[in-house]
Amino acid sequence: QVQLVESGGGLVQAGGSLRLSCAATGRTASIYRMGWFRQAPGKEREFVTAITWSLGRTAYADSLKGRFTISRDSAKNTMYLQMNSLKPDDTAVYYCAASLGAYSDYARQYTYDYWGQGTQVTVSS
């Protein structure tokens, strides 16, 4: 089992920045990849970004490249999401997820085995 806890969400004005954290506990040695997804009100959950735990290879949703940066601290078993130039459209609940398998379809939710409870990010205009 892997437990994931997100933190760092909150209210920010448009143009501002936030850094989300996701702390992993439990069988963290089994993690192959971790990712961030988000769900805005009335919309489906969507892929944001992902990182392979061992090599740190990253992938991003095309629409978010350049504004969001994913990173991880393996020693702390923690993943981060640095969000810059935030827009009201970025308002959503942000979820972190962990995958135990080396699936190529990293943007699909079904490839992730564990999920955090989510953290709210609200961007005001």
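In this numbering scheme, every chain counts its residues from 1 along its sequence in written order. In keeping with the model being predicted, local features are shown solely for residues with a pLDDT of at least 70 and side-chain atom pairs are shown and tallied solely at 80 or more, while totals for entire chains, interfaces and linings include all residues. Water and hydrogen atoms play no part in the side-chain values, which are based on all heavy atoms of the structure.

(A) Highlighting the sheet that holds strand β3 (residues 18–26). As summarised here, the arrangement of the 4 strands in space is β1-β3-β8-β7, forming an open sheet in which the pairing is antiparallel. Two strands lie at the open edges of the sheet, namely β1 (2–7) and β7 (68–73), each paired on one side alone. Strand-to-strand, the axes of this sheet are offset by a mean angle of 15 degrees, without reference to chain direction. By definition, two strands form a pair when at least two bridges between them are found by DSSP. Only DSSP runs of H or I reaching four residues or more are called helices, and only runs of E reaching two or more are called strands; each is numbered from the N terminus. Two strands pair when backbone bridges link them, and β1 and β3 are joined in this way by 6 bridges, in the antiparallel orientation. By the bridge assignment, Val2 is partnered in β3 with Gly26. Comment: axis = line fitted to C-alpha atoms, over the contacting stretch for helices; angle = value between 0 and 180 degrees taken between N-to-C directions.

(B) Layout of the pairing of β3. Note that β3 and strand β8 (residues 78–83) share 6 bridges and pair antiparallel. Pairing of Ser21 across the sheet is with Tyr80, part of β8.

(C) Region of the structure containing the nonpolar core. Counting 35 residues, the largest nonpolar core has Leu4, Met34, Trp36, Met79, Met83 and Tyr94 as the members making the most contacts within it. Of all the elements, strand β9 (residues 92–99) adds the most residues to this core, at 5 residues. Side-chain atoms within 4.5 Å are what join buried Ala, Val, Leu, Ile, Met, Phe, Trp, Tyr and Cys residues into a set we call a nonpolar core. The classification of residues rests on relative accessible area computed with a 1.4 Å probe and restricted to protein chains. Under 20% of the type maximum is buried, over 50% is exposed, and intermediate values are partly exposed.

(D) Broad picture of the side chain of Thr91. Note that Thr91 resides in the loop between β8 and β9. The class of Thr91 is buried, set by a relative accessible area of 17%. A polar contact is formed between the side chain of Thr91 and the backbone oxygen of Pro88, at a distance of 2.9 Å. The residues touching Thr91, leaving out its near neighbours within four places in the chain, are Ala40, Pro41, Gln120, Val121, Thr122 and Val123. Polar contact is the term for a pair of N or O atoms within 3.5 Å; when the atoms are in protein, one must be able to donate a hydrogen and the other to accept it, and sequence-neighboring residues count only if both atoms are side-chain atoms. Residues count as neighbours in contact if any of their non-hydrogen atoms are within 4.5 Å of one another.

(E) Here's a closer look at the packing of aromatic side chains. Here the aromatic set is Phe, Tyr and Trp, taking the six-membered ring for Trp, and pairing holds for ring centres within 6.5 Å; pairs whose planes are under 30 degrees apart are stacked, those over 60 apart are edge-to-face, and all others are tilted. Taken as a whole and assessed by the stated rule, the structure comprises 5 aromatic pairs. Ring centres of Phe37 and Phe47 lie 5.6 Å apart, and the angle between their planes is 75 degrees; on these two criteria the pair is classed as edge-to-face. Pair noted here: Phe37 is in strand β4 (residues 33–39) and Phe47 is in strand β5 (residues 46–52), with a separation of 10 residues, a long-range link. The exposure class assigned to Phe37 is buried, which follows from its relative accessible area of 0%. Here Phe47 falls in the buried class, since its relative accessible area comes to 12%. Note on Phe47 and Tyr106: the rings are 5.6 Å apart at their centroids and 55 degrees apart in plane angle, and the pair reads as tilted. Taken together, the positions of Phe47 in strand β5 and Tyr106 in the loop between β9 and β10 (114–115) put the pair 59 residues apart, joining distant regions of the chain. Taking the relative accessible area as the measure of exposure, Tyr106 reaches 31% and is therefore partly exposed. One aromatic cluster in this structure is built from Phe37, Phe47, Tyr106, Tyr112 and Trp115.

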